[in-house]
Amino acid sequence: MKAIAYEGTGRLRTMSVDAAPPGPGELQIAVAYCGLCGTDLHIAHGNMDARVRTPLVFGHEASGTVAAVGSGVEGWAPGDPLTVMPLLWDGTCAACLAGHQHICQNLTFVGIDAPGALQQLWNVPAEIAVPLPAGLDLRTAALVEPVAVAVHDVRRSELQIGDRVVVLGGGPIGVLIACVARHAGADVLVAEIDESRRELIAALGIDVLDPAAADLVAEVERRTNGTGADVVFEVSGAAAAARSATSLAKVRGTIVVVAIHSAAREIDLQRVFWRELRLLGARVYQRSDFERAIQLLHQGVVPGAELISGVVALEETATAVKDLSAGRGMKILVDVAGEDRA
């Protein structure tokens, strides 16, 4: 089978390797598509060399079908469509015992800490496989994982119908948060500096502005009659956005930190104190978030087709990484199977 491996110091290589059969308790997945995300770019650029073991087959936004079933696995048959919730927890740490297994203190993230989906046959523990409904095409299903991120972020915010929401950053996760929040009944404004992304967001019927060309604080005050936003999602990872978040939230408003910030950021704690703001982190997802994400995609609430910028062959993964790194495209899928189902 073919696979893409990260070899270290920013190098990717297409490999031809023998596929091992699934072990006890495992499913072998014939991977159809794998989406590329910001974490994959960090890996490919060498920014996570201190964490990953090379050569690493990465990728975790996957869809496919069951190719083979390992011993002891029940409820699955070859051909069943599925995706993967790529989290493995130890079940013994304080976080797990408190019911927060998704942020286990010893979490293994499959595709980063263990081999991922950029291989044509992928063996995974059956416990992390999630079934897909009939009629959900496998292209769209490759978006389940990032949609689950957005579902989790919105759920963490405790957003209510009619809330005014600001999303700082209109990349894939920011757009998905905007879609999920809008479906939950919120009035949404996205702040995004990239023109092509703003055009896509506007085409989805979501309000968007360029914070480099307009006064975002003034616009939020205008839209809320001076009150401020109920919920602010910081998705950009930019220092300026982190600083601005406290200026946008209303009294007792909520700020949800979604982006992975590579360094400590300045934040106006005086504003947090003065307005009794609530500052929350939101990381990955739970099984219920995955199941809800599948529903939203299947129902067309999240416009999967509009968000997919293109599909590339497995051998073109490095080119796709370069395009995404340069800001070209919203979501690029890798056709791992080599037989695009469009």
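Before reading further, recall that the structure is shown in the block above.
So, here is what we can say about the structure in this document. Keep in mind the model is a prediction, meaning the values are calculated, not measured. (Residues numbered from 1 in each chain as written. Predicted model: local features only at pLDDT ≥ 70, side-chain atom pairs only at ≥ 80, totals over all residues. Heavy atoms only, no water.)

**Things to note about the nonpolar core**
Next up, step 1: Residues L118, W122, V167, V188, F233, Y285 and V302 are the most contacted members of the largest nonpolar core, which totals 100 residues.
Next up, step 2: Among the nonpolar cores identified, the runner-up in size contains 16 residues, and L189, L216, A241 and V272 belong to it. (Core = buried A, V, L, I, M, F, W, Y, C linked by side-chain atoms within 4.5 Å. Buried < 20%, exposed > 50% of the residue type's maximum accessible area, 1.4 Å probe, protein only.)

**What to know about the sheet that holds strand β15 (residues 278–281)**
Strand pairs in the sheet, formed through backbone hydrogen bonds, run parallel or antiparallel to each other.
Next up, step 1: If you walk across this open sheet you meet the 6 strands as β12-β11-β10-β13-β14-β15, and the pairing is parallel. Each edge of the sheet is formed by a strand with only one pairing partner; in this case those strands are β12 (207–209) and β15. Across the sheet, the mean angle from the axis of one strand to that of its neighbour is 20°, orientation sign disregarded.
Next up, step 2: In this structure, strand β11 (residues 187–191) lies alongside β12, joined through 3 bridges in parallel fashion. (Pairing = 2+ DSSP bridges. Helix = DSSP H or I, 4+ residues; strand = E, 2+ residues; numbered from the N terminus. Axes fitted to C-alpha atoms, helices over the stretch in contact; angles between N-to-C directions.)

**Side note on the state of the cysteines**
Next up, step 1: Applying the stated criterion across every chain yields a total of 0 disulfides.
Next up, step 2: C37 carries a free sulfur, and the closest cysteine sulfur to it, the one in C34, is 8.4 Å from it.
Next up, step 3: When its relative accessible area of 14% is taken as the criterion, C37 is described as buried.
Next up, step 4: The closest cysteine sulfur to the non-disulfide-bonded C104 is located on C96, 3.7 Å from its own sulfur.
Next up, step 5: Note on C104: relative accessible area 3%, which makes it buried. (Disulfide = S-S within 2.5 Å.)

**Quick word on the pairing of strand β17 (residues 331–335)**
Next up, step 1: For β17, the buried fraction is high: 5 of the 5 residues fall into the buried class.
Next up, step 2: Neither face of β17 is open: one carries K331, L333 and D335, the other I332 and V334, and all of them are buried.
Next up, step 3: Relative to β17, strand β3 (residues 26–35) is paired through 3 bridges, and the arrangement is antiparallel. Bridge pairing links G35 to L333 in β17.
Next up, step 4: Judged from the 5 bridges that link them, strand β16 (residues 308–313) and β17 form a sheet pairing that is parallel. Of the residues in β17, the one forming a bridge with V311 is L333.

**Notes on helix α4 (residues 144–157)**
Next up, step 1: If you check α4, its first and last C-alpha atoms are 20 Å apart, about what 14 residues at 1.5 Å a residue would give, namely 20 Å.
Next up, step 2: Within α4, 12 of the 14 residues are buried, which leaves the element mostly enclosed by the surrounding structure. (Expected span 1.5 Å × (residues − 1).)

**Looking at the pattern of salt bridges**
Next up, step 1: Evaluated as defined, the whole model comprises 15 salt bridges.
Next up, step 2: Of the charged contacts in the structure, one is a salt bridge between R51 and D113, with a shortest N-O distance of 2.8 Å. Residue R51 is found in the loop between α1 (38–44) and β4 (61–69), and its partner D113 is found in the loop between β7 (108–109) and β8 (121–125); the two are separated by 62 residues along the sequence.
Next up, step 3: Of the residues examined, R51 reaches a relative accessible area of 43% and is grouped as partly exposed.
Next up, step 4: Taking the relative accessible area as the measure of exposure, D113 reaches 33% and is therefore partly exposed.
Next up, step 5: Linking D289 and R155 is a salt bridge whose minimum nitrogen-to-oxygen distance equals 2.9 Å. Taken together, the residues span a long stretch of sequence, with D289 in helix α10 (residues 287–298) and R155 in helix α4 at a distance of 134 residues.
Next up, step 6: The class of R155 is partly exposed, set by a relative accessible area of 39%. (Salt bridge = Lys/Arg side-chain N within 4 Å of Asp/Glu carboxyl O.)

**Points about the packing of aromatic side chains**
Next up, step 1: All told, the structure shown has 2 aromatic pairs when counted by the stated rule.
Next up, step 2: The interplanar angle of 70° and the centroid separation of 5.0 Å between the aromatic rings of Y285 and F290 together place this pair among those described as edge-to-face. F290 matches Y285 in its accessibility class, with the two residues each being buried. (Phe/Tyr/Trp six-rings, centres within 6.5 Å; stacked < 30°, edge-to-face > 60°.)

**A short note on the packing of α4 against α10**
Next up, step 1: Interaxial distance between α4 and α10 falls to 8 Å at its minimum, and their mutual angle equals 115°. Looking at the two axes, α4 sits roughly perpendicular to α10. Judged by the twist between their axes, the crossing of α4 over α10 is right-handed. Contact with α4, carried on its side by V144, E145, V147, A148, V151, H152 and R155, involves S288, D289, F290, R292, A293, I294, L296 and L297 of α10 and no other residues of that element.
Next up, step 2: Grouping the amino acids of the contact of α4 with α10 by side-chain chemistry returns 9 nonpolar, 2 polar and 4 charged. (Parallel < 35°, antiparallel > 145°, perpendicular 65-115°, else oblique. Left-handed = near helix turned anticlockwise from the far one by under 90°. Contact = heavy atoms within 4.5 Å. Nonpolar A, V, L, I, M, F, W, Y, C, P; charged D, E, K, R; others polar.)

**Regarding the environment of P211**
Next up, step 1: In this fold, P211 is placed in the loop between β12 and α7 (216–223).
Next up, step 2: Counting along the chain gives 43 residues from P211 to L168, while the straight-line C-alpha distance between them is 9.2 Å.

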